[in-house]
Amino acid sequence: MSYVSRALRAAAPRCLPTPWRNPRPLSSATGPTAKKSVPYQKTLKEEGSGSGEPSRPPPPSAEVVVVGGGSLGCQTTYHLAKQGVTSVVLLERDRLTSGTTWHTAGLLWQLRPSDVEVELLAHTRDVVSRELLAETGLHTGWVENGGLFIASNKQRLDEYKRLMSLGKVYGVESYVLTPSQTKDLYPLMNIDDLYGTLYVPKDGTMDPAGTCSTLARAATARGAMIIENCPVTGIQVRTDDFGVKRVYAVETAHGTIQTPCVVNCAGVWARALGRLAGVQVPLVGMHHAYVVTERIEGIQNMPNVRDHDASVYLRLQGDALSVGGYELNPIFWEEVSEKFAFGLFDLDWDVFMQHIEGAINRVPVLEKTGIKSTVCGPESFTADHKPLMGEAPEVRGFFLGCGFNSAGMMLGGGCGRELAHWIIHGWPEKDMYSYDIRRFHHSLTDNNRWIRERSHESYAKNYSVVFPHDEPLAGRNMRKDPLHEELLGQGCVFQERHGWERPGWFSPGGAAPVLDYDYYGAYGQERHRDYTYNRLLGDEYTFDFPPHHDIIKNECLACRNALALFDMSYFGKFYLVGPEATKAVNWLFTADVSKAPGSTVYTCMLNKHGGVESDLTVSRISPGDPASPLAPAFEGDGYYLAIGGAVAQHNWSHITAVLQDMKLQCKLLDCSEELGMMSIQGPLRWVMHAASSSKKCSTLTSATRPSPSPRTDSPRQQDAWSVPCGCRSSARWAGSCTCPRRTA
């Protein structure tokens with residue numbers, strides 16, 4: 001028998017109790033560690049799985065083909081069948097759950113910072129605890145033992161109080177407990193450093209094998225077809241008469257299935273599956289681990305614990321605990337194996353040891369508790385620690401349901417239902433923008449540096465307090481406009497949106513450049529010292545007004561009382577041109593934008609259900625002669641669209657889909673990289689004076705603009721420094737002066 005506390009022997013010189021030291025030297029890629037097995041009584045692994053014939057022959061055609069038999073694949077198939085799709089096929093290359101689902105911890109926490117996520121989690125809980133039992137008579141393995149969030153400081157407890165308030169709106173029972181009340185609930189817990197806790201009595205855990213096999217049973221009862229041992233070898237994509245790429249068929253090792261719709265639920269393998277269709281799937285594989293202890297007297301029926309400040313969780317496992325967390329130096333799975341099934345990696349104790357001290361501190365009895373087994377398996381992670389869902393921009397009919405950042409079990413039910421609705425109706429029922437693949441610009445989804453850096457930072461900060469004004473340090477300086485260096489020299493503190501470095505506010509302390517990502521000192525990288533930008537971000541880590549609030553106040557007053565020049569070059573800048581461009585804009589936009597050339601209209605953009613997709617400005621233009629990014633040549637009508645930078649890819653994809661579906665004779669041109677954008681704002685008399693003046697004006701540069709929509713950008717308006725702008729463009733009615741410039 002090995003012991004959890006031994007993990008510290010090789011990795012740290014300090015003296016800790018004997019049982020928690022490393023049971024053997026640091027593990028290699030092939031050397032064994034402790035026993036490796038998941039702590040479940042049943043898995044779906046069978047002798048010789050993945051090497052024989054498919055469980056049944058593939059059909060010649062299907063309405064929808066779901067690829068991947070993990071949590072998301074099973075949930076999506078179940079909800080498609082439940083919503084009336086009569087011909088849905090799930091393909092699994094091995095056995096159900098064999099990739100990443102089978103070894104997952106299976107935790108379900110009902111409270112998250114997002115109202116949409118609270119609803120998604122509530123549906124998952126409903127499916128696994130009630131619906132499937134009613135439909136099949138089978139128990140999924142749901143255990144309702146409650147959840148306990150640990151707060152070691154006031155800011156963390158404030159965050160939990162906000163979660164509790166949100167939960168009340170959606171009927172999630174929760175309580176803020178004092179340290180003494182926490183001790184009464186969990187007698188084995190050390191409360192000496194507690195500030196308080198958040199207790200959610202109806203949180204619990206799911207069994208992956210029980211849940212997925214029951215979902216499969218319920219789906220097949222409604223007509224779905226589940227085919228195991230049937231790997232996908234190709235995806236046929238054809239270009240229609242209008243030049244649109246669409247899914248045509250799925251090729252397997254045992255036959256081809258003609259279908260107009262493929263759903264990529266392949267987990268870590270989703271990136272490889274996407275490449276078969278020419279679709280970029282921005283995720284990475286990482287090792288994610290937990291250890292299972294021996295029996296602990298008195299632990300029975302205790303709630304699961306999340307100690308965010310120690311970056312550790314404690315999951316009840318019968319009369320034992322599973323201990324895991326999120327470390328600063330996770331191991332990347334560099335070469336994802338196609339034949340990896342029901343497999344685990346050797347646990348690297350040097351990586352895992354950082355969770356041990358926190359676990360011992362929270363539950364001291366672990367100090368002398370043995371290890372029953374280690375579980376270190378692959379998981380997929382994304383750039384913002386949120387899933388990838390929706391129709392891929394590159395190929396119509398290719399949907400994503402992957403990249404769940406080790407939360408596929410708890411989010412599976414809610415996301416499976418939304419994805420099914422998305423496939424059937426063309427849109428989800430809830431606002432799924434934060435999960436929509438279109439939230440990422442196409443220049444980023446195939447950029448390995450950006451994907452790797454951002455995925456690492458999101459993983460490492462998963463348990464960090466979510467502050468309102470945080471910015472990433474990873475994957476920065478990907479897109480910069482021509483004024484970047486000028487504004488940087490003036491003390492501009494930049495924010496990141498859609499890969500762009502956009503002005504945020506101006507620091508009187510001088511330049512604060514964003515440096516290359518240092519991985520927080522992991523992987524042998526030297527941590528940046530005296531990092532001004534990081535220090536300024538840290539000063540804003542508060543739920544109160546940040547230290548720079550007065551600076552921002554002065555910038556806003558300068559814009560209100562004088563005149564400000566906003567650099568809005570991070571905006572999306574599109575031209576919609578062609579013989580039927582006016583027909584397109586009349587369908588897309590709420591306002592009448594068919595004005596005389598030179599006019600600008602602020603409007604909303606709609607979808608086919610009358611829902612609002614975004615807000616933007618639309619300017620009528622005339623053909624350029626000669627053609628240039630500032631004035632393209634075209635036949636028919638032309639419109640210039642200025643769209644919030646953070647939603648540019650989403651807007652581009654939506655407009656493109658509308659043009660394709662309506663078969664309109666016009667095209668959309670993206671000139672976001674070729675053009676800049678300046679906006680003069682202030683009292684009307686000053687704006688008109690600047691517009692009519694032929695002399696160079698000395699104005700105030702500003703960071704951004706107030707957001708007209710919660711889907712666009714942060715509603716922070718700032719202004720501070722006096723520089724010559726040299727603007728000679730004519731102002732529009734709204735006080736906007738656009739100065740498009742060709743970039744070098």
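Residues numbered from 1 in each chain as written. Predicted model: local features only at pLDDT ≥ 70, side-chain atom pairs only at ≥ 80, totals over all residues. Heavy atoms only, no water.

## Here we look at the overall build of the protein
To keep it simple, the criterion reads: Strands here mean DSSP runs of E at least two residues long; helices mean DSSP runs of H or I at least four residues long; both are numbered from the N terminus. Three labels apply to residues, based on accessible area from a 1.4 Å probe with only protein chains included: buried if under 20% of the type maximum, exposed if over 50%, partly exposed otherwise in between. Residues count as neighbours in contact if any of their non-hydrogen atoms are within 4.5 Å of one another. Residue-level accessible areas treat just the shown protein chains as cover; the underlying method is Shrake-Rupley with a 1.4 Å probe.
In terms of regular secondary structure, the protein is built from 17 helices and 31 strands. Classification of the 744 residues of the protein by burial places 58% in the buried group. Taking the contacts inside the protein whose residues are at least 6 apart along the sequence as the reference set, 73% of them involve residues at least 24 apart. Surface summary for the protein: the accessible area is close to 29600 Å², and the carbon and sulfur share equals 51%.

## With respect to helix α13 (residues 532-539)
The criterion, for reference: The directions from the helix axis to the C-beta atoms are what the arc is built from.
For α13, every residue scored as buried is listed here: Y533, L536 and L537. Projected down its long axis, α13 carries its buried residues within an arc of 100 degrees, all on one side. Where α13 is buried, its residues contact β21 (492-497) and β22 (500-506).

## As for the sheet that holds strand β11 (residues 245-252)
Operational definition: Pairing between strands is defined by DSSP: at least two bridges between them are needed. For helices, the fitted line uses only the C-alpha atoms of the stretch in contact; every axis is such a line through C-alpha atoms, and the angle between N-to-C directions lies from 0 to 180 degrees.
As summarised here, the arrangement of the three strands in space is β10-β11-β12, forming an open sheet in which the pairing is antiparallel. Each of the sheet's edge strands pairs with one partner strand only, and the pair in question is β10 (232-239) and β12 (255-258). Averaged over neighbouring strand pairs, the angle between their axes works out to 25 degrees when direction is ignored. Sheet topology places β10 next to β11; seven bridges connect them, and they run antiparallel. Considered in β11, the bridge of V237 is made with V247.

## A short note on the pairing of strand β27 (residues 637-643)
Burial of β27 is extensive: six of the seven residues sit out of reach of the surface. Relative to β27, strand β24 (residues 572-578) is paired through seven bridges, and the arrangement is antiparallel. Note on β27: the bridge partner recorded for K573 is A642. Across six bridges, strand β26 (residues 612-621) lies against β27 in antiparallel orientation. Paired with T617 across the two strands is A642, which belongs to β27.

## Topic: the packing of aromatic side chains
Heads up, the condition is: Each Phe, Tyr or Trp ring (for Trp, its six-membered ring) is paired with any other whose centre lies within 6.5 Å, and the angle between the two planes then decides the class: stacked below 30 degrees, edge-to-face above 60, tilted in between.
Using the criterion set out here, one finds 22 aromatic pairs in the structure. Seen in terms of ring centroids, F149 and Y160 are 5.5 Å apart; in terms of plane orientation they differ by 55 degrees. Their pairing is tilted. One end of the pair, F149, is in strand β5 (residues 147-151); the other, Y160, is in helix α3 (residues 154-169), and eleven residues separate them in sequence. Here F149 and Y160 have matching classes, each one buried.

## Quick notes on the pattern of salt bridges
Going by this rule: What makes a salt bridge here is a side-chain nitrogen of Lys or Arg within 4 Å of a carboxyl oxygen of Asp or Glu, nothing more.
Applying the stated criterion to the full structure yields 32 salt bridges. Its salt-bridge partner being D384, residue R439 comes within 2.8 Å of it at the nearest N-O pair. Here R439, found in the loop between α9 (408-425) and α10 (442-445), pairs with D384, found in the loop between β18 (370-382) and β19 (388-391); they are 55 residues apart in sequence, far enough to count as distant. Owing to a relative accessible area of 25%, D384 belongs among the partly exposed residues under this scheme. The salt bridge involving R527 is made with D518; its shortest N-O contact spans 3.5 Å. Connected through shared salt-bridge partners, K82, D126, R130, E131, E135 and R222 make up one network.

## Here we look at the packing of helix α15 (residues 581-588) against helix α16 (residues 648-662)
What counts here: Each crossing gets its handedness from the near helix: less than a right angle anticlockwise from the far helix is left-handed, clockwise is right-handed. For this classification, Asp, Glu, Lys and Arg are treated as charged, while Ala, Val, Leu, Ile, Met, Phe, Trp, Tyr, Cys and Pro are nonpolar and the rest, including Gly, are polar.
Taken N-terminus to C-terminus, the directions of α15 and α16 make an angle of 115 degrees; their axes are 11 Å apart at the nearest point. Judged by the twist between their axes, the crossing of α15 over α16 is right-handed. Along its contact with α15, which presents A584, W587 and L588, the element α16 presents H654, I655, V658, L659 and M662. Looking at the contact of α15 with α16, its residues break down into seven nonpolar, one polar and no charged.

## Some points on the nonpolar core
Our working rule: In this text, buried Ala, Val, Leu, Ile, Met, Phe, Trp, Tyr and Cys residues form a nonpolar core when linked through side-chain atoms within 4.5 Å.
In terms of nonpolar packing, the biggest core is built from 144 residues, with V64, L91, Y186, V263, F398, L411 and C415 touching the most fellow members. Looking at this core element by element, the count peaks at eight residues for α9. In this structure F398 touches I235, V247, V262, N264, L273, G274, A277, V279, G390, E391 and A392, once residues within four positions along its chain are discounted.

## A closer look at the confidence of the model for the protein
Heads up, the rule is: Looking at any residue, its pLDDT shows the predictor's confidence there, from 0 to 100.
Confidence in the prediction of the protein, expressed as mean pLDDT, is 88, and 87% of residues score 70 or more. Here residues 7-34 scores under 50 on pLDDT; set against residues more than four positions off or in separate chains, the count is 79 contacts. Across residues 694-744 the pLDDT falls below 50, and counting only partners more than four positions away or on other chains, this stretch makes 163 contacts in the model.

## Considerations on the environment of G638
Here G638 is to be found in strand β27. Residue G638 is classed as buried on the basis of its relative accessible area, which comes to 1%. The sequence separation of G638 and P597 amounts to 41 residues, and the corresponding C-alpha distance is 8.8 Å. In contact with G638, other than residues within four places in its own chain, are L576, V577, S619, R620 and I621.

## Thoughts on the sheet that holds β19
With respect to topology, six strands assemble into an open sheet ordered β9-β3-β2-β13-β20-β19, the strand pairing being mixed. One side of each edge strand has no neighbouring strand; the edge strands of this open sheet are β9 (225-227) and β19. Each strand of the sheet is rotated relative to its neighbour by a mean of 20 degrees, with strand direction disregarded. Direction of pairing for strand β3 (residues 88-91) relative to β9: parallel, over a ladder of three bridges.

## Looking at the environment of G204
By the element assignment, G204 lies in strand β8 (residues 204-205). Apart from the residues within four sequence positions on either side, G204 is in contact with G106, L107, L108, W142, V143, E144, N145 and N304.

## Some points on the side chain of S71
Tracing the sequence through the fold places S71 in helix α1 (residues 71-82). Accessibility expressed as a relative area gives 5% for S71, which makes it buried. With residues up to four places along the chain from it excluded, the contact list for S71 reads T101, C212, G408, M409 and G412.

## Considerations on α1
This is how the line gets drawn: In a helix, the anticipated span is given by 1.5 Å times the number of residues less one.
Compared with an ideal rise of 1.5 Å per residue, which puts twelve residues at 16 Å, α1 spans 16 Å between its outermost C-alpha atoms and is within 8% of the ideal. Burial analysis of α1 places eleven of its twelve residues in the buried class, which makes it a mostly covered element. Of the positions making up α1, those classed as buried are S71, L72, G73, C74, Q75, T76, T77, Y78, H79, L80 and A81. Where α1 terminates, the next one or two residues include G84, which has phi positive at roughly 105 degrees.

## Remarks on the packing of α1 against α9
The line we're drawing: Throughout, the term roughly parallel applies to angles under 35 degrees, roughly antiparallel to angles over 145, roughly perpendicular to angles from 65 to 115, and oblique to all others.
For the pair α1 and α9, the least separation of the axes is 8 Å and the interaxial angle reads 45 degrees. In this view, α1 runs oblique relative to α9, as classed from their interaxial angle. Considering only the axes of α1 and α9, their crossing is right-handed. For the pair α1 and α9, contact is made by S71, L72, Q75, T76, H79 and L80 and by G408, M409, G412, G413, C415, G416, R417, L419, A420, I423 and I424, respectively. For the contact of α1 with α9, the per-class residue count stands at eight nonpolar, eight polar and one charged.

## Comments concerning the pairing of β18
The element β18 is largely enclosed, with a buried count of twelve among its 13 residues. Of the pairings in the sheet, the one linking strand β14 (residues 283-293) to β18 comprises eleven bridges and is antiparallel in character. Residue pairing for β18: H287 is matched across the bridge by P378.

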